[in-house]
Amino acid sequence: MRHGVLTAAFFTVISDGVLLFTPYYKIGIYFFCLVHLCYISFFLDKKPPLLLFFFSLALLAFPLPILGACYAILFLIHILLAYSLCTQKKAKPFCQLYLLGLFLFLCCDILVAVGYFTAPQPVLIWIFYAPSQLLLAFRARGLQPQPKSFVPDL
């Protein structure tokens, strides 16, 4: 797999472990921010700069709701890039399943956010989360990055 996807999978495992087994939710959400940064770099066909990870550590200084908003913005960018790629003809065989994975991931995140203010529903969260991660990781392999004309110089 090209850069981005394998790193995103690695950060997903870390964030899952932190969120499931520790009370350090900000660190877990931070690692999920890194997950989306990795997928964004994958779609832009850019190697994620190491410096970006160090600068993004500043996100941990923000309160949880602001960190959650940063996460939501990165997720939205991830969705927009994936959808943009799916409008290209060469991406069709894998794209619908990837977008389904993003939709399931979004449903999971909505349930997590609702659970933050009410009682969480762990069974429903996992029903959406587990298939979403499998679809994202395995379908990303077949996707091609954005054409170079689309990618801004970073």
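Below or above, wherever it landed, is the structure these notes cover. Here the structure is a predicted model, which is why all the values come from computation and not from measurement.

Scoring rules and cut-offs
Residues numbered from 1 in each chain as written. Predicted model: local features only at pLDDT ≥ 70, side-chain atom pairs only at ≥ 80, totals over all residues. Heavy atoms only, no water. Helix = DSSP H or I, 4+ residues; strand = E, 2+ residues; numbered from the N terminus. Buried < 20%, exposed > 50% of the residue type's maximum accessible area, 1.4 Å probe, protein only. Contact = heavy atoms within 4.5 Å. Areas by Shrake-Rupley, 256 points an atom, 1.4 Å probe, with all protein chains shown as cover. Expected span 1.5 Å × (residues − 1). Core = buried A, V, L, I, M, F, W, Y, C linked by side-chain atoms within 4.5 Å. Patch = residues over 30% accessible without salt bridge, like charges linked within 9 Å, V, L, I, M, F, W, Y side chains within 5 Å. Salt bridge = Lys/Arg side-chain N within 4 Å of Asp/Glu carboxyl O. Arc of directions from axis to C-beta.

1. Describing the overall build of the protein chain
In step 1: In terms of helices and strands, the protein chain carries six helices and zero strands.
In step 2: When each of the 154 residues of the protein chain is scored for burial, the buried share is 40%.
In step 3: Put simply, of all contacts in the protein chain between residues at least 6 apart along the chain, 75% involve residues at least 24 apart.
In step 4: As presented, the protein chain carries roughly 8800 Å² of accessible surface, and 78% of it is formed by carbon and sulfur atoms.

2. With respect to helix H4 (residues 64-86)
In step 1: The end-to-end C-alpha distance of H4, which contains 23 residues, comes to 33 Å, matching closely the 33 Å that a straight helix rising 1.5 Å per residue would cover.
In step 2: When we look at burial in H4, the residues that qualify are Leu67, Tyr71, Leu74, Phe75, His78, Leu81, Ala82, Leu85 and Cys86.

3. Side note on the nonpolar core
General note: in soluble globular proteins, nonpolar side chains tend to be found buried as a group.
In step 1: Counting residues in each nonpolar core, the largest one holds 32 residues, and the members touching the most others are Phe11, Leu34, Tyr39, Phe43, Tyr98 and Phe105.
In step 2: Sequence-distant contacts of Phe11, defined by excluding residues within four places in its chain, comprise Phe31, Leu34, Val35, Cys38 and Phe53.

4. Points about a nonpolar patch on the surface
In step 1: Residues Leu20, Phe21 and Trp126 make up a contiguous nonpolar surface patch of about 380 Å² in total accessible area.
In step 2: If you trace the backbone, Trp126 turns up in helix H6 (residues 122-140).

5. Some remarks on helix H1 (residues 5-21)
In step 1: Over its 17 residues, H1 extends 24 Å from the first C-alpha to the last, a length consistent with the 24 Å expected when each residue adds 1.5 Å.
In step 2: Listed as buried for H1 are Val5, Ala8, Phe11, Thr12, Ser15, Asp16 and Val18. Around the axis of H1, the buried residues are gathered within 165° of arc, so they sit on the same side. Away from its buried face by more than 90 degrees, H1 exposes Leu6, Phe10, Val13 and Phe21.

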